Amino acid sequence: TRPLPYIFSARALLQLLDATARLRPTRSLRPLTYYTLFGLLAATGMRVGEVIALGRRDIDWADGVLVVTNSKFGKSREVPLDPTTVEALDRYVGIRDRWVRQPTSPAFFVSRRGTPVIYDNFLVTFRALVAAAGVGADSAVVPRVHDLRHSFAVRTLIRWYRAGEDVGALLPRLSTYLGHLAPGYTYWYLSAVPELLDLAAARLDTAGGRRG
């Protein structure tokens, strides 16, 4: 049994990102670090631990590929990035290196002291920003940081259905991209969101009509 996910709309995601500008100290690296962290989570569906563990050498800038090493289940994978995501990461690097000239860690995302972002602090900050931005205020489901991953998967599946793609054939690719052990773990996203179930049912009805 899994808790129902909160699916971030484009508006809710922008509210969360905009709220990072109010993080204190406002004139420091911290607001941009969290802005870029949340943006990367939303754009790739990566796990929080994977993003926090990224090293400075884990991005292939020429090919726009991010390398996740020794992730959950001891697996590693390559995550292709959209050019706009690469641009956002490059912008962060430029500002980060001006603020933190002598980092104490090889981590990609760092605090204003040059130390790695701490997982527990990240979760506390996420919850505070969600509350401050009013994200999910009208929902019975409380947004969790892992729901950014759910939202990426759901948006991808919805986009494929609406485009008439063969979702069954494409699902293993999404499963690999997300770092799931098998497509069965990814199928759960279908049952978690009514809109996806409706799209899947409509596809089945259409296919049944053609066979009939």
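Rules of the game
- Residues numbered from 1 in each chain as written.
- Predicted model: local features only at pLDDT ≥ 70, side-chain atom pairs only at ≥ 80, totals over all residues.
- Heavy atoms only, no water.
- Helix = DSSP H or I, 4+ residues; strand = E, 2+ residues; numbered from the N terminus.
- Buried < 20%, exposed > 50% of the residue type's maximum accessible area, 1.4 Å probe, protein only.
- Contact = heavy atoms within 4.5 Å.
- Areas by Shrake-Rupley, 256 points an atom, 1.4 Å probe, with all protein chains shown as cover.
- Salt bridge = Lys/Arg side-chain N within 4 Å of Asp/Glu carboxyl O.
- Axes fitted to C-alpha atoms, helices over the stretch in contact; angles between N-to-C directions.
- Parallel < 35°, antiparallel > 145°, perpendicular 65-115°, else oblique.
- Left-handed = near helix turned anticlockwise from the far one by under 90°.
- Pairing = 2+ DSSP bridges.
- Arc of directions from axis to C-beta.
- Nonpolar A, V, L, I, M, F, W, Y, C, P; charged D, E, K, R; others polar.

Draft legend 1. The overall build of the protein chain, seen in detail. Looking only at helices and strands, the protein chain has 9 helices and 3 strands in total. Ordered by position from N to C terminus, the α and β elements of the protein chain give α-α-α-β-β-β-α-α-α-α-α-α. Counting all 212 residues of the protein chain, 47% fall into the buried class. Residue pairs in contact within the protein chain that sit at least 24 positions apart in sequence constitute 60% of those at least 6 positions apart. Accessible area for the protein chain stands at about 11700 Å²; split by element, carbon and sulfur atoms hold 54% of it.

Draft legend 2. Region of the structure containing the pattern of salt bridges. Taken as a whole, this structure holds 5 salt bridges when the rule is applied. In this structure, D97 and R96 form a salt bridge, with 2.9 Å as the shortest nitrogen-oxygen distance. The exposure class of D97 is partly exposed, given its relative accessible area of 33%. The salt bridge partner of R144 is D147, with a shortest N-O separation of 3.0 Å. For D147, a relative accessible area of 0% corresponds to the buried category. Through salt bridges with shared partners, a single network forms among R47, E50 and R77.

Draft legend 3. Layout of the packing of helix 2 (residues 30–44) against helix 4 (residues 83–99). The geometry of helix 2 relative to helix 4 is characterised by a closest axis approach of 10 Å and an angle of 160° between their N-to-C directions. Between helix 2 and helix 4, the interaxial angle falls into the category roughly antiparallel. When you trace helix 2 past helix 4, the crossing you get is left-handed. On the side of helix 2, the interface is formed by L32, T33, T36, L40 and A43, while helix 4 contributes T85, A88, L89, R91, Y92 and I95.

Draft legend 4. The pairing of strand 2 (residues 65–68), seen in detail. Bridge count for strand 1 (residues 59–60) against strand 2 is 2 bridges, and the pairing is antiparallel. Bridging from a neighbouring strand, D60 pairs with V65 of strand 2. The turn linking strand 1 back onto strand 2 is made up of 4 residues, and G64 within it adopts a positive phi angle of 65°. Relative to strand 3 (residues 77–80), strand 2 is paired through 4 bridges, and the arrangement is antiparallel. Paired with V68 across the strands is R77, a residue of strand 3.

Draft legend 5. Representation of the environment of V145 in the model. The residue V145 is located in the loop between helix 5 (119–133) and helix 6 (147–162) in this model. As a C-alpha pair, V145 and F38 span 107 residues in sequence and 8.9 Å in three-dimensional space. Leaving out residues up to four positions away in the same chain, V145 has contacts with L41, V48, F122, L123 and F126.

Draft legend 6. Inspection of the sheet that holds strand 3 at higher detail. Ordered in space as 1-2-3, the 3 strands form an open sheet in which the pairing is antiparallel. Only two strands of the sheet have a single neighbouring strand rather than two, namely strand 1 and strand 3.

Draft legend 7. How the structure looks around the environment of K75. Among the secondary structure elements, K75 is positioned in the loop between strand 2 and strand 3. Distance in space between the C-alpha atoms of K75 and G179 is 7.6 Å, their sequence separation being 104 residues.

Draft legend 8. Looking closely at helix 1 (residues 10–19). All of the buried residues in helix 1 are A12, L13, L16, L17 and A19. Down the axis of helix 1, the smallest arc covering the buried residues is 160°, so these residues share one side. Exposed residues pointing more than 90 degrees away from the buried face of helix 1 are listed as A10, R11 and D18.

Draft legend 9. Spatial organisation of the packing of helix 1 against helix 2. Closest axis-to-axis distance for the helix 1/helix 2 pair is 8 Å, and the angle between their directions is 160°. Judged on the interaxial angle alone, helix 2 and helix 1 are roughly antiparallel. With respect to the hand of their crossing, helix 1 and helix 2 are arranged in right-handed fashion. On helix 2, the residues touching L13, L16 and L17 of helix 1 are Y35, F38, G39 and A42. Residue classes in the contact of helix 1 with helix 2 are distributed as 6 nonpolar, 1 polar and no charged.

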